Amino acid sequence: MQDSTPLKQWSNEFGADYRDRNKLDAATVLQAQQVFSRVFEEASLTGEVRSVLEVGCNVGINLAGLRKMQPNSAKLQLSAIEPNKQTCQTARENADLSLDRIECSDCYSMPFPDGHFDLVFTAGVLIHIPPNRLEEAMREITRVSKRFVMCMECFSHQPEEVTYHGQQGLLWKCDFGGKYLDTVSSLTTRKYGFIWMREFPHYDDLNWWVFEKQA
């Protein structure tokens, strides 16, 4: 049985509350710029990526950081999906993001052809996908990637559910990097690392992985 409860939550008032808690301002965008500049440098992605899709962009903080990266970040084609209609519209109307495309959609069935983006990524999104649908989401994310898949997620050696804003059934931790490799045989590890909340308060303590898609 497929569990759609978290998706319904993110699509309604719960998702709106999340949007209101996460402000796109100079401080959060600067942190996103620094985080993604570090990841791109460590994974040697600079110059290798021209089109990017963020799965679950919220108001677009990560995309704004990508847009401000140097060099040649202004040439990046940035796209996104976001399941909350109002939040999607907020990101669509933000001229500073200069998005190539944004769709109100979920990660289980995305309106893009196979291999459409150089890089497809999530940041704090896979943790909100029910374990019984995680493989489905990972396969769909990989499907629309031409070359790279990246995730930034909270890590746990053993799968565990965590209470999230007083509610159950909304957040799970696991080894997401290992799960990708176990789920999608065409992926190989390009690089991985850690984002420390003490250095970047907008982000949780996140492990990140960049995978390369083999022919």
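Only a predicted model underlies this, so the values are computations on that prediction, with no experimental measurement involved.

**With respect to the side chain of Ser-79**
Here is step 1 of the chain: Here Ser-79 is to be found in strand E2 (residues 77-81).
Here is step 2 of the chain: Given the relative accessible area of 2%, Ser-79 is considered buried.
Here is step 3 of the chain: Apart from the residues within four sequence positions on either side, Ser-79 is in contact with Val-52, Leu-53, Glu-54, Leu-63, Asp-100, Arg-101 and Phe-117.

**Focus: the pattern of salt bridges**
Here is step 1 of the chain: In this structure the tally under the stated criterion is eleven salt bridges.
Here is step 2 of the chain: With a shortest N-O distance of 3.2 Å, Lys-179 and Glu-135 are connected by a salt bridge. Of this pair, Lys-179 sits in helix H7 (residues 176-183) while Glu-135 sits in helix H6 (residues 131-143), placing them 44 residues apart in sequence.
Here is step 3 of the chain: Taking relative accessible area as the criterion, Glu-135 reaches 31% and is therefore assigned partly exposed.
Here is step 4 of the chain: Glu-212 is the salt-bridge partner of Arg-190, the closest N and O atoms lying 3.0 Å from each other. Here Arg-190, found in strand E8 (residues 187-195), pairs with Glu-212, found in strand E9 (residues 206-213); they are 22 residues apart in sequence, far enough to count as distant.
Here is step 5 of the chain: A relative accessible area of 26% places Arg-190 in the partly exposed class.

**Focus on the sheet that holds E9**
Sheet strands pair via backbone hydrogen bonds, and the direction of the pair is either parallel or antiparallel.
Here is step 1 of the chain: As summarised here, the arrangement of the seven strands in space is E3-E2-E1-E4-E5-E9-E8, forming an open sheet in which the pairing is mixed. Among the strands making up the open sheet, the edge pair consists of strand E3 (101-103) and E8. The mean inter-strand angle of the sheet, taken between neighbouring strand axes irrespective of direction, is 15°.
Here is step 2 of the chain: The pairing of E8 with E9 spans eight bridges and is antiparallel. Opposite Ile-195, over in E9, you have Leu-206 as the bridge partner.
Here is step 3 of the chain: Where H6 meets the sheet, its contacts fall on strand E1 (51-55), strand E4 (117-123), strand E5 (145-153), E8 and E9, and the angle it forms with E5 comes to roughly 140°.

**Regarding helix H3 (residues 26-42)**
Here is step 1 of the chain: Spanning 17 residues, H3 covers 24 Å between terminal C-alpha atoms, matching the ideal 24 Å at 1.5 Å per step.
Here is step 2 of the chain: Every buried residue of H3 is accounted for by Thr-28, Val-29, Gln-31, Ala-32, Val-35, Phe-36, Val-39 and Phe-40. End-on, the buried residues of H3 take up no more than an arc of 160°, which puts them together on one face. Exposed side chains of H3 directed beyond 90 degrees from the buried face belong to Ala-26 and Glu-41.
Here is step 3 of the chain: Tucked into the core, H3 has its buried residues touching helix H4 (61-68), E4, E5, E8 and E9.
Here is step 4 of the chain: Capping the start of H3 is the job of one residue whose side-chain oxygen sits 3.2 Å from the backbone nitrogen of Ala-27: Asp-25.
Here is step 5 of the chain: Phi turns positive, to about 55°, at Ser-44, one or two residues after H3.

**With respect to the pairing of E5**
Here is step 1 of the chain: E5 sits mainly inside the fold: seven of its nine residues count as buried.
Here is step 2 of the chain: With six bridges connecting them, E4 and E5 associate as parallel partners. Across the sheet, Phe-121 pairs through a bridge with Met-150, a residue of E5.
Here is step 3 of the chain: In this region the chain leaves E4, passes through H6 and returns to the parallel neighbour E5; the handedness of that crossover is right-handed.
Here is step 4 of the chain: Where E5 lies against E9, six bridges are found, and the strand directions are antiparallel. The partner of Val-149 across the bridge, within E9, is Phe-211.

**Section: the nonpolar core**
Here is step 1 of the chain: Judged by nonpolar contacts, the single largest core of 66 residues is most densely connected at Phe-36, Leu-53, Leu-66, Leu-126, Met-152, Phe-176 and Tyr-180.
Here is step 2 of the chain: Sorting elements by how many residues they give to this core places H3 first, with six residues.

Cut-off values and rules
Residues numbered from 1 in each chain as written. Predicted model: local features only at pLDDT ≥ 70, side-chain atom pairs only at ≥ 80, totals over all residues. Heavy atoms only, no water. Helix = DSSP H or I, 4+ residues; strand = E, 2+ residues; numbered from the N terminus. Buried < 20%, exposed > 50% of the residue type's maximum accessible area, 1.4 Å probe, protein only. Contact = heavy atoms within 4.5 Å. Salt bridge = Lys/Arg side-chain N within 4 Å of Asp/Glu carboxyl O. Pairing = 2+ DSSP bridges. Axes fitted to C-alpha atoms, helices over the stretch in contact; angles between N-to-C directions. Expected span 1.5 Å × (residues − 1). Arc of directions from axis to C-beta. Polar contact = N/O pair within 3.5 Å; in protein donor to acceptor, adjacent residues only side chain to side chain. Right-handed = clockwise from strand over helix to strand, strands pointing away. Core = buried A, V, L, I, M, F, W, Y, C linked by side-chain atoms within 4.5 Å.

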